[in-house]
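# Structure at a glance
In case you want the letters, here they are:
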Amino acid sequence: MEIHEYQAKQLLGEFGVNIPPGGLAYSPEQAVYRASELGGSRWVVKAQIYSGGRGKAGGIKVCGDSHEIWDASESLLGRRLVTVQTGPAGKPIYRLYVEPAFNILSEKYFGLVLDRSRECIVAVGSAEGGMDIEELAESRPDAIIRTEIEPAVGMQMFQAKRLAYQIGFDAQDTGQAANIFLRAYRAFRDLDATMLEINPLAVTAEGGVLALDAKMTFDDNALFRHSMISEFRDKSQEDPNEMEAADRGLSYVGLEGNIGCIVNGAGLAMATMDIIKLRGGEPANFMDIGGGASPSRVAKAFRLVLSDPKVKAILVNIFAGINRCDWVAEGVIEAVRRFEPGIPVVVRLSGTNMDEGLRMIRESGLQIQSTDTLDGAVKAAVESISEKG
């Protein structure tokens, strides 16, 4: 789960990280009022969307008076901001965050990420903040400093100070930067985050070292422990199909292909997409309906996949262990009768009650192809699209 910049700053501030004051606005009038509350002579108006790269895309504007704040807010609110991370569709802007503009002396990058392959947390830093870290890592990997943190021990002061020194903080600011690193780590750990990014972490003429931007993502499976974070969710920033799937306990990620996938198990879903690509097809989605694929759950998955206009064929791939193939077959038959998809439907069933499930599909009288092999099902789905032209 992602949250907005101002929400991430609120959380980090509660852990003692130095953040600038700011105010949320939903209209140009509110933005002007927030600036008057903050005082000063220069302000920054920031679009709040789930994406980095907002500055390059025109989503962050520096303003010198109330007229500029009004104009900037009016130009941002209601539009879709397209960044390098959003894709061509962009993300809608429905809220803005107004902060004082600071005189920045230098910008650094600091981040924390959960590294499952190393079974640790990795602190990432760079002396070149304010730019896309992915772009920097690709063009100049030597500019990225990494420090592995043992979760059982946590980030230590010597690690924080060493990282601050390595990314170019001078003696005067190293202690302040190290304290920010330690407090950010505690926020990362205590809130079950999977990624935390402060970019830029700036040395300013007015306020020492400040987190001028922040981004956090969280482990969905741990949100039951953090009700406040769950309430931060902004559905306007989510893909409607992915949001609907999550609300119904399904795992769905939209892709650009034309073969809709309905699969039980994340690993099997990945393997299914790999074989579709191998056979010359393109998956339209990742879909994991889970182990307990009841008939109603299968029907919900069908409706979700069919809502994507790009889908030209549906491939159902079920390996029944704790599940039963006859239950899945019942769900497929019910869904085809109810929704009348009008596109080829191919079903592969294997495992518990496989023969009964395949028999039910064959005797349904519906235009459903069935098989007990994954490769055969993928070939049938790819060929069905080719035959349609």
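This next bit is on the overall build of the protein. Looking only at helices and strands, the protein features 13 helices and 18 strands. Considering only C-alpha atoms, the protein reaches an extent of 75 × 50 × 40 Å along its principal axes. In the protein, 41 side chains carry a positive charge and 53 a negative one; their mean positions are 2 Å apart.

Among the surface-exposed residues, Glu29, Asp65, Glu68, Asp71 and Glu74 lie close enough to one another that they form a single negatively charged patch. No other element matches helix 3 (residues 66-76), which puts three residues into the negative patch. Within the secondary structure, Glu74 sits in helix 3.

Put simply, Asn199 and Pro200 share a cis peptide bond, and its omega is 10 degrees. As for its placement among the helices and strands, Pro200 is situated in strand 10 (residues 193-204). With a phi close to 45 degrees, Glu340 is a non-glycine residue in the positive phi region. By secondary structure assignment, the location of Glu340 is in the loop between helix 11 (325-339) and strand 17 (345-351). For Asn353, which is not glycine, the phi torsion reads 60 degrees and is therefore positive. Here Asn353 shows up in the loop between strand 17 and helix 12 (354-362).

Every buried residue of helix 12 is accounted for by Gly357, Leu358 and Ile361. The arc enclosing the buried residues of helix 12, seen along the axis, measures out at 95 degrees, which places them on a common side. Exposed and oriented more than 90 degrees from the buried face of helix 12 are Asp355 and Arg362.

Our focus in this paragraph is the environment of Asn258. Along the polypeptide, Asn258 turns up in the loop between strand 13 (251-254) and strand 14 (259-263). Between the C-alpha atoms of Asn258 and Arg140, which are 118 residues apart in sequence, the distance is 37 Å. Ignoring sequence-local partners within four residues, the contact set of Asn258 consists of Glu282, Pro283, Ala284, Lys310, Val311, Lys312, Ala313 and Ile385.

The rules behind the values
- All residue numbers here refer to positions counted from 1 along the written sequence of the relevant chain.
- In keeping with the predicted nature of the model, local features appear solely for residues at pLDDT of at least 70, side-chain atom pairs appear and are counted solely at 80 or more, and the whole-chain, interface and lining totals rest on all residues.
- Just so you know, side-chain values use all the structure's heavy atoms and leave hydrogens and water out.
- The helix and strand labels rest on DSSP assignments: H or I over at least four residues marks a helix, E over at least two residues marks a strand, and numbering proceeds from the N terminus.
- Charged residues are defined narrowly, with Lys and Arg counted positive, Asp and Glu counted negative, and His plus the chain ends left uncounted.
- Charge positions come from single atoms, namely NZ of Lys, CZ of Arg, CG of Asp or CD of Glu.
- In this scheme, patches are assembled from residues that exceed 30% relative accessible area and form no salt bridge. Like charges are connected within 9 Å, while nonpolar side chains (Val, Leu, Ile, Met, Phe, Trp, Tyr) are connected within 5 Å.
- In this description, accessible areas are obtained by the Shrake-Rupley approach with a 1.4 Å probe, and a residue is regarded as covered only by the protein chains that are shown.
- We count a salt bridge whenever a side-chain nitrogen from Lys or Arg sits within 4 Å of a carboxyl oxygen from Asp or Glu.
- The buried label applies to any residue whose accessible area, calculated with a 1.4 Å probe on protein chains only, is under 20% of its type's maximum; exposed applies above 50%, and partly exposed to all values in between.
- The arc in question is the one traced by the directions running from the helix axis out to the C-beta atoms.
- By definition in these notes, contact holds between two residues if any of their heavy atoms fall within 4.5 Å.

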